[in-house]
Amino acid sequence: MMSSSKCAEIERLVEESREIEAAVSIWQERETVSDEELRRERDRYQSWYARATSMISEQTAREKFRDMYEGGMIIGRVKAFLSGPLDTNQFYDPGNPDSPFPRWSHPYETTFRPSFHEQRSLLQRETYAVAEVAPTLTELAEAFARFPNFLQALRGSGRPNVPAPHIGNEADLQVLIGACLRQMYEDVRPEDYVPEYRGGRSRVDFLLPEVGIVVETKMTRETLADRKVGEELMIDWSRYSRHPDCRGILALVYDPDRRLVNPAGLQSDLTQENGNPATRVLVMR
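Residues numbered from 1 in each chain as written. Predicted model: local features only at pLDDT ≥ 70, side-chain atom pairs only at ≥ 80, totals over all residues. Heavy atoms only, no water.

Which parts of the structure should I look at to understand the sheet that holds strand β7 (residues 278-284)?
Strands sit in the order β1-β4-β5-β6-β7 across an open sheet of five strands; the sheet is mixed. In the strand order of this sheet, the two ends are held by β1 (189-190) and β7, each with one partner. Looking at chain direction, strand β6 (residues 248-254) and β7 are connected through seven bridges and run parallel. Bridged to Ile-249 within β7 is Thr-279. Where helix α7 (residues 134-144) meets the sheet, it contacts β4 (206-208), β5 (213-219), β6 and β7, and its direction lies at approximately 5 degrees from that of β7. (Pairing = 2+ DSSP bridges. Helix = DSSP H or I, 4+ residues; strand = E, 2+ residues; numbered from the N terminus. Contact = heavy atoms within 4.5 Å. Axes fitted to C-alpha atoms, helices over the stretch in contact; angles between N-to-C directions.)

Pasting the structure below:
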């Protein structure tokens, strides 16, 4: 089990990363940064980087963490941004509002921000490397058990500016589930791909890398009821388990027309809290 001191240090590093991000994110907006400020934030990042790297135990994760800093000749990352945040792109044409080239050689939004967020995600993931995933699955299931109440509140609001959502298919359902997940987690990755297997690729509906959980959505219909739902879930889970960040799977089955004859049985039969990955099914009506 990860020591409490290591968890506390990671929490401090995560908080410090937000401070660094807040400091450097405004440089290109205000179009100025003093040498002293640039040097101070570079030094602060380098100190943070060294301490954060030592917290990551897995070799592949450390390599990815370093790559998010180093980048390369084609893809600029954190290092490129900090080396010259106000360097101007030689191909940028200030007189052309439709110029395909950005003003800055290393735009904050495409070099520093996504790479730094990935580093923070890798750091946060370390705290869950040996943690039990079952309690988190339970917390998510309890939150989404109130999903029908959420829909009912919107449908009964009577406010024309807040229209009630119409869920006609799984794609509609995924939009609402994704929005709910983003209230709970900063890093929500829709349609994340599972590594190729036997010449084919599949993708999960949502991945929560901070906690190592895949969230899958299903919506019942005339051709998708009790037995078919269970079969599809088991097939999907055999693929999802190959995702390197998957330690738990939460299946959210939306059954508005009450097509499932035995929802409690479906939930009980397919919930395996001690599995690898752990699984949980929630039927929402």
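So what exactly am I meant to see when it comes to a nonpolar patch on the surface here?
Residues Met-73, Ile-74 and Ile-75 make up a contiguous nonpolar surface patch of about 440 Å² in total accessible area. For Met-73, a relative accessible area of 83% corresponds to the exposed category. (Patch = residues over 30% accessible without salt bridge, like charges linked within 9 Å, V, L, I, M, F, W, Y side chains within 5 Å. Areas by Shrake-Rupley, 256 points an atom, 1.4 Å probe, with all protein chains shown as cover. Salt bridge = Lys/Arg side-chain N within 4 Å of Asp/Glu carboxyl O. Buried < 20%, exposed > 50% of the residue type's maximum accessible area, 1.4 Å probe, protein only.)

Is there a simple way to explain the pairing of β7 in this structure?
In the case of a regular strand, side chains alternate between the two sheet surfaces. With six of seven residues buried, β7 is to be regarded as a mostly interior element. Assessed by its sense of winding, the connection that carries the chain from β6 through helix α11 (residues 263-270) to β7 is right-handed. (Right-handed = clockwise from strand over helix to strand, strands pointing away.)

How do you make sense of the packing of α7 against helix α9 (residues 170-184) when you look at a structure like this?
For any two helices packed against each other, the geometry comes down to the angle between their axes and how far apart the axes lie. With their axes 12 Å apart at the nearest point, α7 and α9 run at an angle of 125 degrees to one another. With respect to their mutual orientation, α7 and α9 come out oblique. When you trace α7 past α9, the crossing you get is right-handed. Residues Leu-140, Ala-143 and Phe-144 of α7 form the contact with α9, whose own contacting residues are Ile-177, Cys-180, Leu-181 and Met-184. (Parallel < 35°, antiparallel > 145°, perpendicular 65-115°, else oblique. Left-handed = near helix turned anticlockwise from the far one by under 90°.)

Such coordinate-based values are descriptive only and should not be taken to indicate function.
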